[in-house]
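Below are the chains, spelled out letter by letter.
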Number of protein chains: 2
Amino acid sequence: MKDATLKQIADQLGVSITTVSKALKDYPDVSPKTKKKIVDLANKLNYTPNSFAVNLRTKQSKTVGLIVPTVDYNFFSKVFEGVLAEAEKRKYLVIILRSNEKLDIEKKQIELLLNKRVDGILMSLSNETGDFDHIKNIITNKTPLVLFDKIAKLVNCSKVAINDKKAAYDAVTYLIKKGHKKIAHFRGSFMPQNSIDRFLGYKKALEDNNIIYDSSLVYICDNNTDFEDGYENAQKAVAEHPDLDAIFAITDLVAIGIIKYLNDIKIKMPEQIAVFGFCNSFMSEIITPKLTTIDQPGYEIGKKAASILFDEIELKKTDNPIQFQSIELATSIIERGSA
Amino acid sequence: MKDATLKQIADQLGVSITTVSKALKDYPDVSPKTKKKIVDLANKLNYTPNSFAVNLRTKQSKTVGLIVPTVDYNFFSKVFEGVLAEAEKRKYLVIILRSNEKLDIEKKQIELLLNKRVDGILMSLSNETGDFDHIKNIITNKTPLVLFDKIAKLVNCSKVAINDKKAAYDAVTYLIKKGHKKIAHFRGSFMPQNSIDRFLGYKKALEDNNIIYDSSLVYICDNNTDFEDGYENAQKAVAEHPDLDAIFAITDLVAIGIIKYLNDIKIKMPEQIAVFGFCNSFMSEIITPKLTTIDQPGYEIGKKAASILFDEIELKKTDNPIQFQSIELATSIIERGSA
């Protein structure tokens, strides 16, 4: 069956297409009687307003793209909830894509979203993303873009993130104040800015407290959304540094892997080794001991990033200039049992 | 800046619009030299093929809608990963919406997706969804629909789910075989089919093993994606039934709430009270004791539901009749420490 069109409805009722269109939009200048006839027939024929055609005219799809590097049970789920909450409020639809931490997939997804003519794009970069031409392409295309969490300082657009360096600095300073001296850092891979910044915060806290930085205490968890990586590196760290007294992990998931290993070999936390996470995920409360961690406001990050994006989309329509914002959301230490 | 159009490109190069269109689609009947000129200019002008216009012609948006009742850190994240994996493979985009377990939101979201002319809809029903006219509307609209997890037996479309009754029956039979006699069930609310079916499986297992069903042992966790609900009901159950020796929970999250409470009051699991979950979420492995649970294959459910939907969308194009499928994915018991 072909879909019913305005013309079909107009023809069957002997009225003009304009009248049908006005009636279906509930304009006041169509009589209630005619309106009812038109609406009834439209319902009978299963008429659906053609939103793609509407888009051609208004140039708005009321749809935005969200590219996340990974779908986890953790930080990105919270971001996602924040984005959806704001999208529901502002009546936007969200197409979600995940780059799987791959640059080539990220590039393809941007192309796909631009071809789809979404009104705007929200994204957190993959761990592989070291050049930004494909990101700049979004801006050249005049499509509003907001980066969040894993951002690129070199791209000129609005950004929402936390101060990763400061948060890491606070975490490590906390461990030092508790008397820990041999503090390992389980970092992420070398590319993403947040992995670099958390490492720099760790290093600076050591330096400011006259603890000599020892690169052999830094372990790389490439897959920092996998607790196995924390588990395996904890095994190595404990073997290589018998006097280790604390570990600052790049994510809660890595920290949970560490806790699992230390529990397995009956090392007491925090007495023998303190463990400090990053995220304040749901899991940090249910593990034993409960995880001391940095509260990273994922929901707020998602909500704020979406809110800025929708504002920029609205502003673009009015041809008013857009002033990019760089929002830094506050983090805090959540004290629990592990540190 | 106005977007570049095929006409602009044609005018600037003195070729026909058809030639431009063919060149950009890489048709063989345009000479490589002309093709290169056209592609170069299109790139220079930032030409984007107008996918909404393409949609008007092909009647395909290569976009589907996914409505989930809730975004959790658990089952729906897994479903979501499965849907995305299949969508990536088949080159579909996924608009995701959450109904927040509300019927009125679910209705609006269906309308929104139909107006958007998505090619198909995947959905898991809200806990409030007791009549199905809005769901049937999708079918009347000739939009392919696949229901998963929280399905409606009365709607005539493809469905992917597990056998909730059998899985619950297996879980409770397992507890009985381990010698438990006073087994509570922490069930979900009254509406969704999976909540009803898990309850029926619990009841049948008792009956088949000559244990008299006692309704005072059934507790309702309305918000079964919240561990607080499990925690609070565990408090009640332990106070009301001092001889309680096992609890079968509707979800892992509820089970985790129970474990938290039993840990708090130093009740040994499984020696004093055994706890059995449902989902096999990531958390079930990190809690102490580790949770014995039903493995509910969320990833496979999402992947299968998406795969069927894309098949139906393709079939619809060919005007071939669509045979609805009802897929029941197998579940299994994952034995761990809590039961």
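Rules behind the numbers
- Residues numbered from 1 in each chain as written.
- Chains lettered and ligands numbered in written order.
- Predicted model: local features only at pLDDT ≥ 70, side-chain atom pairs only at ≥ 80, totals over all residues.
- Heavy atoms only, no water.
- Salt bridge = Lys/Arg side-chain N within 4 Å of Asp/Glu carboxyl O.
- Helix = DSSP H or I, 4+ residues; strand = E, 2+ residues; numbered from the N terminus.
- Buried < 20%, exposed > 50% of the residue type's maximum accessible area, 1.4 Å probe, protein only.
- Core = buried A, V, L, I, M, F, W, Y, C linked by side-chain atoms within 4.5 Å.
- Contact = heavy atoms within 4.5 Å.
- Phe/Tyr/Trp six-rings, centres within 6.5 Å; stacked < 30°, edge-to-face > 60°.
- Lys NZ or Arg CZ within 6 Å of the ring centre and 35° of its normal.
- Pairing = 2+ DSSP bridges.
- Axes fitted to C-alpha atoms, helices over the stretch in contact; angles between N-to-C directions.
- Left-handed = near helix turned anticlockwise from the far one by under 90°.
- Nonpolar A, V, L, I, M, F, W, Y, C, P; charged D, E, K, R; others polar.

- Chain A goes by Transcriptional regulator, LacI family in an unreviewed UniProt entry, where it is assigned to Flavobacterium frigoris.

1. With respect to the pattern of salt bridges
Moving on, step 1. Enumeration according to the criterion identifies 36 salt bridges over all chains in this entry.
Moving on, step 2. Here Lys36 of chain A and Asp40 of chain A are joined by a salt bridge, their closest N and O atoms 2.6 Å apart. Here Lys36 of chain A pairs with Asp40 of chain A, and both are found in helix α3 (residues 32-44), just 4 residues apart, close to one helical turn.
Moving on, step 3. For Lys36 of chain A, a relative accessible area of 51% translates into the label exposed.
Moving on, step 4. Notably, a salt bridge pairs Asp11 of chain B with Lys7 of chain B, separated by 3.0 Å at the nearest N-O pair. With Asp11 of chain B and Lys7 of chain B both in helix α1 (residues 6-13) and 4 residues apart, this pair spans about one turn of that helix.
Moving on, step 5. Taking the relative accessible area as the measure of exposure, Lys7 of chain B reaches 48% and is therefore partly exposed.
Moving on, step 6. Salt bridges linked by common partners bring Glu86, Lys89, Arg90, Lys303 and Asp311 of chain A together as one network.

2. Let's talk about the nonpolar core
Moving on, step 1. Within the largest apolar cluster, 158 residues are counted, with the highest numbers of intra-cluster contacts made by Phe148 and Phe186 of chain A together with Phe148 and Phe186 of chain B.
Moving on, step 2. Phe148 of chain A has contacts with Leu66, Ile67, Val68, Phe76, Val79, Leu122, Met123, Ser124, Val160, Ile301 and Ala305 of chain A, leaving out every residue within four places of it along the chain.
Moving on, step 3. Membership of the second largest hydrophobic core comes to 42 residues, among which are Ile110, Leu147 and Ala161 of chain A together with Phe132 of chain B.

3. Observations concerning the packing of aromatic side chains
Residues and elements named next belong to chain A.
Moving on, step 1. A full pass over the atoms with the stated rule returns 21 aromatic pairs over all chains.
Moving on, step 2. Ring centres of Phe186 and Tyr219 lie 5.4 Å apart, and the angle between their planes is 55 degrees; this geometry places the pair in the tilted category. Highlighted residues: Phe186 in strand β6 (residues 183-187) and Tyr219 in strand β7 (residues 218-220), separated in sequence by 33 residues. One exposure class covers both Phe186 and Tyr219, and it is buried.
Moving on, step 3. Taken together, the ring pairs in this structure connect Tyr174, Phe248, Phe276 and Phe278 into an aromatic cluster.
Moving on, step 4. Directly above the ring of Tyr213 sits Lys203, whose terminal nitrogen or CZ lies 5.0 Å from the centroid.

4. A short note on the sheet that holds strand β6 (residues 183-187) of chain B
Residue and element names in this part refer to chain B.
Moving on, step 1. Read from one edge of the open sheet, 4 strands run β7-β6-β8-β9, paired in parallel fashion. The strands lining the two open edges of the sheet, one partner per strand, are β7 (218-220) and β9 (274-276). Averaged over all pairs of adjacent strands, the angle between their axes in this sheet comes to 20 degrees, without regard to strand direction.
Moving on, step 2. Its contacts with the sheet put helix α10 (residues 227-240) on β6 and β7, and the angle it makes with β7 is roughly 150 degrees.
Moving on, step 3. Strands in contact with helix α11 (residues 252-264) are β6, β8 (246-249) and β9; relative to β9, the strand with the most contacts, it is inclined by about 160 degrees.

5. Notes on the packing of helix α5 (residues 75-90) of chain B against helix α13 (residues 298-317) of chain B
Residues and elements named next belong to chain B.
Moving on, step 1. Closest axis-to-axis distance for the α5/α13 pair is 6 Å, and the angle between their directions is 40 degrees. For the pair α5 and α13, the sense of crossing is right-handed. Every residue of α13 that contacts α5 at Phe75, Lys78, Val79, Glu81, Gly82, Val83, Ala85, Glu86, Ala87, Lys89 and Arg90 is listed here: Gly298, Tyr299, Ile301, Gly302, Lys303, Ala306, Ser307, Phe310, Asp311 and Glu314.
Moving on, step 2. Of the residues that constitute the contact of α5 with α13, the class distribution is 9 nonpolar, 4 polar and 8 charged.

6. Here we look at the pairing of strand β1 (residues 63-68) of chain A
Note on strand geometry: in a regular strand, side chains alternate between the two faces of the sheet.
Residues and elements named next belong to chain A.
Moving on, step 1. Burial runs high along β1: 6 of the 6 residues are buried.
Moving on, step 2. Burial along β1 is two-sided: the residues Thr63, Gly65 and Ile67 and Val64, Leu66 and Val68 are all buried.
Moving on, step 3. Bridge count between β1 and strand β2 (residues 93-98): 6 bridges; the pairing is parallel. By the bridge assignment, Leu66 is partnered in β2 with Ile96.

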